[in-house]
Structures are given as structure tokens and as C-alpha cells.
Amino acid sequence: MAITKKFYITSSALALLSKAASNTTIPSSCTVKSAATAQSDLDSLSSCKTISGSLTLSGTLINPTLNGVQTIDGDLTIENSADIVAFNANSLTDITGDLNLNNLTAIQTLSLDSLTSVGSISLQALPVLDNFVITSLTSADNIIISDTAVASLEGFNNLKEVELFDINNNPNLVSIDSPIKTISNGLSISSNGNDLDLTFDQLIWANNITILDAGNVDFPLLTKVNQSIGFINNTFEYLNIDNVTDIGVTFNIVSNDELTELSASNLKSLGGALVIANNTKLTNITGFPSLTSIGGALDVIGSFDTFSIPKLNAVKGGADVESNKTNFTCDALNKLEKAGKIQGHVYKCKAGSSSTTAALSSASSTGSATTMATSASGSTSASASSTSTKKSKGAAPAQADYMNKAGLFGGLAAVAVAML
């Protein structure tokens with residue numbers, strides 16, 4: 001009886017075999033052995049459709065050009081040069097690793113108009129870069145653009161999904177118009193040009209969103225934020241996120257001095273804290289007609305006449321609602337508190353010079369409630385832990401601290417409350 005032996009090859013093994021096979025077809029002359037320090041180094045690769053290894057440009061290059069190469073099987077890095085003013089690689093379609101341009105004080109133009117696929121793009125500390133062409137890109141994990149002179153970002157027209165989209169400290173940037181549909185890690189826009197016009201008109205969901213210093217925001221299709229969303233120190237007059245039905249953790253609207261209208265009409269549940277504070281022109285806070293539960297603390301502080309969440313029947317943290325207007329009434333919140341619907345450690349409601357304060361149970365019976373404590377000065381803090389906590393008056397964490405991957409934007413509530 002013949003014995004048939006079966007052999008199985010995993011997909012990862014097949015991938016390795018395929019890569020090994022492809023590498024055997026790459027001649028040694030197309031393998032990167034050292035950094036390119038002169039144009040002749042790049043010219044020696046011009047007959048290669050694919051080069052193997054990471055390519056780094058350094059030295060006294062001024063206008064380096066990479067001709068003929070279609071694929072870099074590795075990273076492309078250009079960094080630490082005061083001489084490079086432009087880089088062109090218009091035949092390049094794929095970078096299996098990352099594209100990194102860092103600390104280039106003279107570069108003005110980056111041209112990669114055939115590039116379709118890259119691991120990540122990092123453009124940082126490029127103070128005079130005002131023209132980059134990456135119009136064909138369809139695949140990238142992370143996009144980070146920081147400290148450049150670009151005026152608009154409209155070059156990612158074919159990019160539909162990313163893990164991270166972080167645009168910060170670009171003082172000339174006045175518009176971002178992106179067709180991205182999903183952001184699996186985080187969207188962060190901060191410290192760019194005055195009155196930045198921000199449009200994500202195809203974005204459906206994101207894990208985290210943080211918007212600072214924008215003049216206009218548009219998220220017409222946004223339906224879900226897995227973790228936190230925050231709008232801090234912006235200058236727009238209207239904030240409409242009416243298609244959002246669910247926010248997994250916190251929702252922060254803090255120090256938006258021109259904001260007069262806030263609407264989240266279909267938001268039904270909030271997993272963490274709701275913080276609305278120091279929006280000086282927001283006099284009527286009535287944009288939550290569908291919200292039934294807040295999984296953390298409720299912090300609302302400002303110059304408002306009206307605050308109403310008509311369907312709210314559960315606040316699993318504490319509540320601190322303070323208006324400096326004497327015509328504001330705490331009746332609805334007092335009724336909610338008396339019914340035991342505010343479950344955190346402290347309840348406080350204040351209108352003008354009057355206030356109502358009551359000590360509450362420290363946590364819900366499930367042990368998962370977010371709790372909130374109010375200090376003697378009236379400052380508040382929301383925490384995602386299940387235990388009662390007191391707010392420290394320390395400085396908010398630096399952006400870099402809460403932008404680290406796994407905890408991306410995790411410090412958003414702390415940042416918001418520290419600004420009160």
C-alpha cells in the first residue's frame with residue numbers, strides 16, 4: 001500500500017519563498033551597500049527597476065534625482081542636510097518600507113508623482129518645503145507632516161485608509177481636504193495656519209480624533225469614534241457632527257472662543273466623560289437631543305443660559321455643571337441627581353453665585369464607572385479608571401506623550417481639563 005505524504009506550506013512561508021526568489025533576480029549592482037553621497041551614486045542605480053535595501057541620501061547633494069527605479073525594497077531616507085533643495089524620483093511606484101525626510105533646512109520641492117504604495121510617510125523639520133507632489137498614493141500606514149512650509153494638503157486624493165494622520169506645526173497650512181474614509185489609530189490636527197479649513201468629507205469612522213487651532217471643520221459622514229474626540233482652542237463658529245451615533249470614551253469641547261452652535265443630534269451613547277468648557281460664546285448647549293447615557297463624568301463650565309440633555313438618564317461619573325449666568329437653572333440636573341441617575345462621587349451644579357453640592361456613591365456596582373471629584377476651588381477631573389480620583393493642578397501632558405501609538409490621544413481628557 002502506497003503511503004502518500006502531504007506537505008503544507010504556510011502563507012508566510014510562501015511569502016518568504018517568493019521574496020527570496022525575487023531577490024535572486026536582483027543583480028548585486030542593484031543592492032544598496034552604502035549611503036548615496038553624490039549624484040553618480042544614484043545614477044549607478046538608474047538601470048535597476050528594483051533596488052534591494054534601504055536607500056539613504058546624505059553628503060553635499062543639491063538636486064538629487066533617482067531615475068529609472070520603480071521599487072525600493074526597503075526605506076528611502078533623506079535627512080540632516082543643509083544643501084538639498086529638491087528631490088525627484090518620478091519613476092518610483094513602491095517603497096516597501098518607509099519614506100523619511102527629516103531635518104532638511106533647504107529642501108523646497110519633493111516630487112514623487114508615481115508613488116502608489118509606501119509603509120509610512122514622515123516629513124518633519126523641513127522649514128522651507130512648500131511643494132510636494134505625491135498624487136498617486138493609494139496605500140500608506142501613517143502620514144506625519146510636521147514643521148514644513150506647505151500651504152495646502154490636497155495631494156492624497158486616492159488614499160482611502162490610514163492608521164495615523166498627524167499634521168502639526170505647519171504655520172502656512174490653510175487647508176486640508178482629504179478623501180480618507182477610515183483612520184484606525186488616530187487623526188491629529190494641531191498648531192497649523194490660522195483659520196485652517198479642514199475637510200474630511202468621506203471619513204466614516206476613526207479610532208481617535210483631536211482637532212486644535214482650526215478655523216473650519218467638516219465631517220459630514222462621520223458616524224463613529226471608537227475612543228475619544230476633542231475640539232480644543234479652535235476658531236470655528238459651528239460644530240456639526242450630527243451623524244455620529246457613538247463615541248467610545250471622551251468627548252471634549254474646550255476653549256473654542258468663537259463657537260456659537262454645537263450639534264451632535266444623533267449621539268446616543270458616550271463611553272467616557274463629556275467635557276464642555278470655556279467656550280465663551282456658546283450660550284445655549286442643547287445639541288444632544290438623543291444622548292441617553294454618559295459613561296464617565298459630566299463637566300460643563302462656561303457662560304451659558306441653557307444646558308439641556310432631555311433624554312439623559314444615566315451619568316456613571318460625577319457631575320460638575322457651572323454657569324456664570326444667573327438665569328441658568330439647575331432644576332433638571334437636580335431632578336436627575338435625586339433620582340440616583342448621577343452615580344459618581346460628587347455632584348455640583350452652580351448658577352451665578354448659587355450652587356448645589358451633594359456627595360454621591362464612589363462608583364457603580366459594576367465597578368466600571370468613571371468617577372469624578374471636585375476640589376474646593378471647583379476644578380474638575382474625569383478619569384477612565386474605576387476608582388475615585390482627585391484632580392491635580394499639574395500641567396497637561398505634552399502632545400508627544402499622548403501621541404505614542406497604543407495610547408494615542410489617551411491623554412485628551414487630561415489636556416482638556418488642564419486648560420479649564
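None of the values given here were measured: they were computed from a predicted structure. (Residues numbered from 1 in each chain as written. Predicted model: local features only at pLDDT ≥ 70, side-chain atom pairs only at ≥ 80, totals over all residues. Heavy atoms only, no water.)

**Considering the side chain of Ser 111**
Argument step 1. Within the secondary structure layout, Ser 111 lies in strand S8 (residues 109-111).
Argument step 2. The exposure class assigned to Ser 111 is buried, which follows from its relative accessible area of 11%.
Argument step 3. Beyond its immediate sequence surroundings of up to four residues, Ser 111 is in contact with Phe 87, Asn 88, Ala 89, Asn 90 and Val 133. (Helix = DSSP H or I, 4+ residues; strand = E, 2+ residues; numbered from the N terminus. Buried < 20%, exposed > 50% of the residue type's maximum accessible area, 1.4 Å probe, protein only. Contact = heavy atoms within 4.5 Å.)

**Some points on the packing of aromatic side chains**
Argument step 1. Enumeration over the complete set of coordinates arrives at eight aromatic pairs.
Argument step 2. Judged by centre distance (5.9 Å) and plane angle (20 degrees), the rings of Phe 200 and Phe 219 are stacked. Linking Phe 200 in the loop between strand S17 (196-199) and strand S18 (205-206) with Phe 219 in the loop between strand S20 (214-218) and strand S21 (224-225), this pair joins segments that are 19 residues apart in sequence. By the burial criterion, Phe 200 is buried, and Phe 219 matches it. (Phe/Tyr/Trp six-rings, centres within 6.5 Å; stacked < 30°, edge-to-face > 60°.)

**A look at the state of the cysteines**
Argument step 1. Tallied over the full model, the rule gives two disulfides.
Argument step 2. Here Cys 30 pairs with Cys 48 through a disulfide, and the sulfurs are 1.9 Å apart. With the S-S bond torsion at -85 degrees, the cross-link from Cys 30 to Cys 48 turns out left-handed. Taken together, the positions of Cys 30 in the loop between helix H1 (11-24) and helix H2 (39-43) and Cys 48 in the loop between H2 and strand S1 (50-52) put the pair 18 residues apart, joining distant regions of the chain. There is no split in this pair, since Cys 30 and Cys 48 are both buried.
Argument step 3. Each disulfide in the protein chain links cysteines that, numbered along the sequence, combine into the pattern 1-2, 3-4. (Disulfide = S-S within 2.5 Å.)

**Side note on the sheet that holds strand S3 (residues 71-73)**
Argument step 1. Pairing is parallel across the open sheet formed by four strands, whose spatial order is S1-S3-S6-S9. With partners counted over all chains shown, the strands left at the sheet margins are S1 and strand S9 (117-118), one partner each.
Argument step 2. Pairing between S1 and S3: three bridges, direction parallel. Looking across to S3, one finds that Ser 52 is bridged to Asp 73. (Pairing = 2+ DSSP bridges.)

**A look at the sheet that holds S8**
Argument step 1. An order of S5-S8-S11 is seen for the three strands of this open sheet, with the pairing classed as parallel. Looking at the sheet topology across the chains shown, the edges are occupied by strand S5 (86-88) and strand S11 (131-133). Recorded for the sheet is a direction-independent mean angle of 5 degrees between the axes of neighbouring strands.
Argument step 2. Pairing of S5 with S8, which is carried by three bridges, proceeds in the parallel orientation. Bridge pairing in S8 places Asn 88 opposite Ser 111. (Axes fitted to C-alpha atoms, helices over the stretch in contact; angles between N-to-C directions.)

All we've got here are geometric facts, nothing functional implied.
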